[in-house]
Amino acid sequence: MAEVFRGKNVLVTGHTGFKGSWLCIWLILLGAKVTGYALDPAHTEDNFVVTELKDKMTDIRADVRDLMALQKTFAEVRPEFVFHLAAQPLVRYSYENPVGTYATNVMGTLNVLECIRHSDVTRVGVMITTDKCYENKEQIWGYRENDALGGYDPYSASKGCAEILTASYRNSYLNSKEYSRHGKSIATARAGNVIGGGDWALDRIIPDVIRALKEHRPVEVRNPEATRPWQHVLEPLGGYLSLAAKMYDHGEDYSGAWNFGPDFDSVCPVKNVVEAVIEAWGSGTWCSAGQENSPHEAGLLSLDCTKAKTLLGWKPKLKLKEAIGYTVEWYQSTEDKYELCENQIERYESELRSR
């Protein structure tokens, strides 16, 4: 995989975010020439900030809703790979700001697709959506890539829209049957709930737990029985990179939608994750917070990743306890955060080789 990215121009939208910053660090390790395009980071302790990542890559601050700025970036960077992660990523916030959520997640995706379509050098576009793009029927088995799309809340629906939009562009302009003519491969990637170091977003369970533990107060859990597919951030990122590498070499065969989720034993209630984090931290307690008048959130959601396992040879490597260990290590460590991220990526890659 490393050889595919070495020396290549790679554009990552949303690079100041949690997943985007980790992806950029991994791409730098793989020898890519990385450019990021995003708004300012949301928190002064975000992974992007504390790793001083802006000094290790080309850092462009702009909005994906600004088509002219994005076109200018494509013209200057001439990316062969595009990873589109820029988004409004929070379910509860989407209820407060539906217009901004749809504008960013739908029109932002449209702008990226337009730039890819008109680029004479871009060969691979990986559009990151979410497992919440499916029409959630609270079923016990995982959703497959050909299951119905939907979305109860504005965030989930906006990501379902982004999936439909991407499929439309793929069918209308960048059809795999005409790959020899246009030479472009477009995929969407759907991942479960990711955890890891450097995430400080509001209304996400790990940041909420870490904030409470640092402040020596009980962790308030608003929906302890909600069941989710938990995975360390490096798991789906490894999937995105493996997918992009395949798309670069065999683009006509790897366009489409892909799930990247954990094995069934990492699909568990929120309270299990909270208890495991407290155990790894070494102290702390939690309590159930009232949910009166709270907006709707899914109770059960999981993914079937047979496609990625069969066609990409990808599979999750870290058990939930290991993923939480990586995560707590990041928040408790006093060592250089960039070096710590590099170390965790290298340890994860050694897991890939050994399992």
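It should be noted that the structure appears before, not after, this text.
Definitions and limits used
Residues numbered from 1 in each chain as written. Predicted model: local features only at pLDDT ≥ 70, side-chain atom pairs only at ≥ 80, totals over all residues. Heavy atoms only, no water. Pairing = 2+ DSSP bridges. Helix = DSSP H or I, 4+ residues; strand = E, 2+ residues; numbered from the N terminus. Axes fitted to C-alpha atoms, helices over the stretch in contact; angles between N-to-C directions. Contact = heavy atoms within 4.5 Å. Patch = residues over 30% accessible without salt bridge, like charges linked within 9 Å, V, L, I, M, F, W, Y side chains within 5 Å. Areas by Shrake-Rupley, 256 points an atom, 1.4 Å probe, with all protein chains shown as cover. Salt bridge = Lys/Arg side-chain N within 4 Å of Asp/Glu carboxyl O. Lys, Arg positive; Asp, Glu negative; His and termini not counted. Charge placed at Lys NZ, Arg CZ, Asp CG, Glu CD. Parallel < 35°, antiparallel > 145°, perpendicular 65-115°, else oblique. Left-handed = near helix turned anticlockwise from the far one by under 90°. Nonpolar A, V, L, I, M, F, W, Y, C, P; charged D, E, K, R; others polar. Buried < 20%, exposed > 50% of the residue type's maximum accessible area, 1.4 Å probe, protein only. 1 Å grid on protein atoms, 1.4 Å probe; cavity = no way out; pocket = protein on both sides within 12 Å on 5 of 7 lines; lining within 4 Å. Points joined across faces, edges and corners; volume = space filled by probe spheres on them. Right-handed = clockwise from strand over helix to strand, strands pointing away.

A. Main features of the sheet that holds strand 7 (residues 193-195). One open sheet holds the three strands; their spatial order is 7-9-11, and the pairing between them is mixed. Strands with a single pairing partner mark the edges of an open sheet, and in this sheet they are strand 7 and strand 11 (267-269). Taken over all neighbouring pairs, the strand axes of this sheet differ in orientation by 50° on average, direction set aside. Helix 12 (residues 270-281) contacts strand 9 (227-232) and strand 11 of the sheet and is inclined by roughly 85° relative to strand 11.

B. Structural view of a negative patch on the surface. Taken together, Glu52, Glu335, Asp336 and Glu339 make up a surface patch of like negative charges. When you line up the elements, Glu52 lands in the loop between helix 3 (47-50) and strand 3 (58-61).

C. Region of interest: the packing of helix 9 (residues 205-214) against helix 12. Two elements in contact, helix 9 and helix 12, have axes separated by 11 Å at closest approach and are oriented at 40°. Compared by their axis directions, helix 9 and helix 12 come out oblique. The interaxial crossing formed by helix 9 with helix 12 has right-handed handedness. Each of Ile205, Ile206, Val209, Ile210, Leu213 and Lys214 in helix 9 lies in contact with helix 12, whose residues at this interface are Val270, Val273, Val274, Val277, Ile278 and Trp281. Among the residues forming the contact of helix 9 with helix 12, the class breakdown is eleven nonpolar, no polar and one charged.

D. Representation of the pairing of strand 5 (residues 124-128). Across the five residues that make up strand 5, a large majority, five, are buried. Residues Val124, Val126 and Ile128 point to one face of strand 5 and Gly125 and Met127 to the other, with burial holding for every one of them. By the bridge criterion, four bridges tie strand 4 (residues 81-84) to strand 5 in an arrangement that is parallel. Its bridge partner being in strand 5, His84 is matched across the sheet by Met127.

E. Broad picture of empty space enclosed by the protein. Taken as a whole and assessed by the stated rule, the structure comprises one cavity of 30 Å³ or more. Approximately 30 Å³ is the volume attributed to the largest cavity. Lining the largest cavity we find His84, Leu85, Ala86, Ala87, Thr109, Met127, Ile128, Thr129, Lys159 and Ala162. Contributions of two or more residues to the lining of the largest cavity are made by strand 5 and helix 7 (154-172).

F. The arrangement of the pairing of strand 2 (residues 33-38) in detail. The buried fraction of strand 2 is high, at five of six residues. Read from strand 1 (residues 9-13) through helix 2 (residues 18-29) to strand 2, the crossover connection turns out right-handed. Judged from the four bridges that link them, strand 2 and strand 3 form a sheet pairing that is parallel. Along strand 3, the bridge assignment pairs Thr35 with Thr58.

G. Representation of the pattern of salt bridges. Counted according to the given criterion, the structure contains 21 salt bridges. Its salt-bridge partner being Arg78, residue Asp120 comes within 3.2 Å of it at the nearest N-O pair. Of the two residues, Asp120 is situated in the loop between helix 6 (98-118) and strand 5 and Arg78 in the loop between helix 4 (67-77) and strand 4; the sequence distance between them amounts to 42 residues. The exposure class assigned to Asp120 is exposed, which follows from its relative accessible area of 63%. Arg92 serves as the salt-bridge partner of Asp203, at 3.5 Å between the closest nitrogen and oxygen. Residue Asp203 is located in the loop between strand 7 and helix 9, and its partner Arg92 is located in helix 5 (residues 91-96); the two are separated by 111 residues in the primary sequence. Asp203 sits in the partly exposed class, given a relative accessible area of 36%.

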